[in-house]
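# Structural description and commentary
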Amino acid sequence: PIPLFRFLPVKPKYKDANPFSLGKAPVKYTTSKDKISNIKSQEDKELFDKWGCIDQDGELVINYKFDYMNSFGYNGTAVVKKGEMWSLITLYEYKE
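Quick look at the structure, then. (Residues numbered from 1 in each chain as written. Predicted model: local features only at pLDDT ≥ 70, side-chain atom pairs only at ≥ 80, totals over all residues. Heavy atoms only, no water.)

## Comments concerning the pairing of strand β6 (residues 77–82)
Defined as follows: What makes two strands pair is DSSP finding at least two bridges between them. Secondary structure follows DSSP: runs of H or I at least 4 residues long count as helices, runs of E at least 2 residues long count as strands, and numbering of each begins at the N terminus.
The pairing of strand β5 (residues 68–69) with β6 spans 2 bridges and is classified as antiparallel. Bridge pairing in β6 links methionine 69 to valine 80. As judged from the 6 bridges shared by β6 and strand β7 (residues 85–90), these two strands associate in the antiparallel manner. Paired with lysine 81 across the bridge in β7 is tryptophan 86. What sits between the antiparallel neighbours β6 and β7 is a turn of 2 residues, in which glycine 83 has the positive phi angle 70°.

This is the structure in structure tokens:
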């Protein structure tokens with residue numbers, strides 16, 4: 001029989017996640033504060049507690065850079081927040 005659902009193993013490295021849509025899922029990556037204090041580069045510190053996007057294989061397809069990100073809509077757009085600014089991005093900007 002053909003399985004109705006496909007379960008993907010997701011390691012608990014994400015603080016939060018939104019549902020898959022169009023083969024992609026927004027995920028929020030975080031780490032403990034003691035690990036952040038050991039990081040020297042401000043650029044690397046800014047990667048923590050940010051939203052990015054993974055594909056169905058769990059591969060990162062949009063880097064962690066947003067303060068919030070919702071799932072892609074049927075038209076391929078997602079609402080993102082970076083700092084105080086809200087905007088739309090399109091999945092087609094990040095096509096492989």
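## Quick look at the sheet that holds β7
Taken in spatial order, the 3 strands line up as β5-β6-β7 in an open sheet, and their pairing is antiparallel. Of all the strands in the sheet, the pair left with one neighbour each is β5 and β7.

## So, the environment of serine 87
Going by this rule: Only heavy atoms enter the contact rule, under which two residues are in contact if any of them lie within 4.5 Å.
Examined against the element boundaries, serine 87 turns out to sit in strand β7. For the pair formed by serine 87 and threonine 77, sequence separation is 10 residues and the distance between their alpha carbons is 9.9 Å. Other than its neighbours up to four places away in sequence, serine 87 contacts Ala78, Val79 and Val80.

## Notes on the pairing of strand β3 (residues 50–55)
Using the following cut-off: Only protein chains enter the area calculation, which uses a 1.4 Å probe; residues under 20% of their type maximum are buried, those over 50% are exposed, and those in between are partly exposed.
A large share of β3 lies buried, amounting to 6 of its 6 residues. Of the two faces of β3, both are covered, the one formed by Lys50, Gly52 and Ile54 as well as the one formed by Trp51, Cys53 and Asp55. Judged from the 6 bridges that link them, strand β2 (residues 24–29) and β3 form a sheet pairing that is antiparallel. Considered in β3, the bridge of lysine 24 is made with aspartate 55. Pairing of β3 with strand β4 (residues 60–66), which is carried by 3 bridges, proceeds in the antiparallel orientation. Each residue of the ladder has a partner; that of cysteine 53, found in β4, is isoleucine 62.

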